[in-house]
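Chain by chain, the residues run as shown.
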Amino acid sequence: MQVPVVEQIFSANDQLAAANRARLDAARVFAVNVMASPGAGKTSLITRTVEMLNGDFRIGAVDGDIATTIDADRIAALGVPVVQINTGGACHLDAPMLQSALPQLPLEEIDLLIVENVGNLVCPASFKLGAHRSVLIASVPEGDDKPYKYPVMYRGVDAVVLNKMDVMTAFEFDVDYFRHGVEVLNPGLAFFSLSCKTGEGLNGWLVWLRDEIKEFRQQF
Amino acid sequence: MPMHELSITQSILEIALRHAEQADAHRITKLNLVIGELATIVDDSVQFYWDIVSRDTIAAGAELHFERVPGILRCLSCGHTFPLNGRDYACPVCGEKQAIATGGDEFRLESIEVE
């Protein structure tokens, strides 16, 4: 006998992600899920962002890593509350992991929650967390063909940050080719090219983030 | 072995067992899954974990059937739809490079076969 099911495999995770979102909304916390391959500059962009916005917003962070607290320590050194999630080998954060991290943060005292996902260009795309926006960081040394080789990651995000523009001359990186691949998969998304190291281009990213937070707050 | 297929396979099992129980079935013999090319799921990994997680359940030994759905692009210039492959996402008909992805995100359990 055949039994029709027609159920999304990710439905359990998606439901928990919705619960996370509701909890963040209730506390008026705007959350950003930051994804990238290892070494693209997730922690660098986060520490830069904290440094630049810390006076204007109360910031908190959740840091996912397979092992160690190296990244969490870098962020905590800036004086913001950080919860470390060691995934114990899992290649991505999922909604249950964020759910267990949220009670460890003073949500009522946070305006912006930055979630640093596990460094990986495949898996995090499939697991919603409940964040309000998803950002993918690419970096020049990774090559300009990544949107074509990892289409899923580029498909579901709200913004792409192209980092390490300061080393552009050392690599053959065609920004137009890269952007074209991104645009096909995800028309109209926000795009920023910058260098966390030199600070060049950071302002566009910060303006976007400020505007998103402002828009988020206007709904209440 | 990609790690995320383990939790995914557990989700598949939970969904299948729930629907089998609702149907008063005592054994699940087959699961029909639909997987889009853009869903980043590896059949072989799901199969590998399936044999482990389904052990000692009424789904033990059930066959996994994967229906693959290709990633599809639609040309914004001429409207032609074509499979996602190649290096530049160019339309094979008119050569334009303006296209959008319109399919291939699917990942669901379509049906189960039970006794």
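Thresholds, definitions, all that
- Residues numbered from 1 in each chain as written.
- Chains lettered and ligands numbered in written order.
- Predicted model: local features only at pLDDT ≥ 70, side-chain atom pairs only at ≥ 80, totals over all residues.
- Heavy atoms only, no water.
- Helix = DSSP H or I, 4+ residues; strand = E, 2+ residues; numbered from the N terminus.
- Rg over C-alpha atoms; globule rule 2.2 N^0.38 Å.
- Contact = heavy atoms within 4.5 Å.
- Areas by Shrake-Rupley, 256 points an atom, 1.4 Å probe, with all protein chains shown as cover.
- Lys, Arg positive; Asp, Glu negative; His and termini not counted.
- Charge placed at Lys NZ, Arg CZ, Asp CG, Glu CD.
- Core = buried A, V, L, I, M, F, W, Y, C linked by side-chain atoms within 4.5 Å.
- Buried < 20%, exposed > 50% of the residue type's maximum accessible area, 1.4 Å probe, protein only.
- Axes fitted to C-alpha atoms, helices over the stretch in contact; angles between N-to-C directions.
- Parallel < 35°, antiparallel > 145°, perpendicular 65-115°, else oblique.
- Left-handed = near helix turned anticlockwise from the far one by under 90°.
- Nonpolar A, V, L, I, M, F, W, Y, C, P; charged D, E, K, R; others polar.
- Buried area = accessible area lost by both parts, 1.4 Å probe.
- Salt bridge = Lys/Arg side-chain N within 4 Å of Asp/Glu carboxyl O.
- Pairing = 2+ DSSP bridges.

Caption draft 1: Region of interest: the overall build of chain A. A count of helical and extended segments in chain A gives eight helices and eight strands. For 220 residues, the compact-globule estimate of 2.2 N^0.38 gives 17 Å, and chain A sits close to it at 17 Å. Along the first, second and third principal axes, the C-alpha atoms of chain A reach 55 × 55 × 40 Å. Look at the contacts in chain A between residues 6 or more apart in sequence, and 76% of them connect residues 24 or more apart. Here chain A has roughly 9100 Å² of accessible surface; of this, 50% comes from carbon and sulfur atoms. For chain A, the distance from the average position of its 18 positive side-chain charges to the average position of its 27 negative side-chain charges is 2 Å.

Caption draft 2: Looking closely at the nonpolar core. All names here are of chain A. If you look at the biggest cluster of nonpolar residues, it comprises 31 residues, and the most contacted ones within it are L112, W205 and L209. For this core, the elements supplying multiple residues, two or more each, are β2 (30–36), α2 (42–53), β3 (59–65), β5 (112–116), β6 (133–139), β7 (159–163), β8 (190–193) and α8 (202–218). Top contributing element to this core by residue count: α8, with seven residues. Setting aside anything within four residues of it in sequence, one finds L112 in contact with F30, V32, L53, R58, I59, G60, L209 and I213.

Caption draft 3: A look at the packing of α2 of chain A against α8 of chain A. All names here are of chain A. Contact pair α2 / α8: the axes reach a minimum separation of 11 Å and the direction vectors enclose 70°. Judged by the inter-axis angle, α2 sits roughly perpendicular to α8. Seen along the crossing, α2 lies across α8 with a hand that is right-handed. Contacts from L45, R48, T49, M52 and L53 in α2 reach L202, W205, L206, L209 and R210 in α8. Tallied by class, the residues present in the contact of α2 with α8 amount to seven nonpolar, one polar and two charged.

Caption draft 4: Summary view of the interface of chain A and chain B. Contact with chain A, which involves 30 residues of that partner, is made by 37 residues of chain B. Both sides of the chain A and chain B interface together cover about 2900 Å² of buried area, and 61% of this is carbon and sulfur. Three residues, I9, R155 and V184 of chain A, lead the burial of chain A against chain B; their summed loss comes to 23% of the area buried on that side. Seen at the junction of chain A and chain B, the total is two salt bridges. Here R18 of chain B makes a salt bridge to E7 of chain A, at a shortest N to O gap of 2.6 Å.

Caption draft 5: Summary view of the sheet that holds β7 of chain A. Residues and elements named next belong to chain A. As summarised here, the arrangement of the seven strands in space is β4-β3-β5-β2-β6-β7-β8, forming an open sheet in which the pairing is parallel. Bordering the open sheet on either side are β4 (82–86) and β8, each of which pairs with just one other strand. Looking at each pair of strands side by side, their axes are set apart by 20° on average, direction ignored. Where β2 lies against β5, five bridges are found, and the strand directions are parallel.

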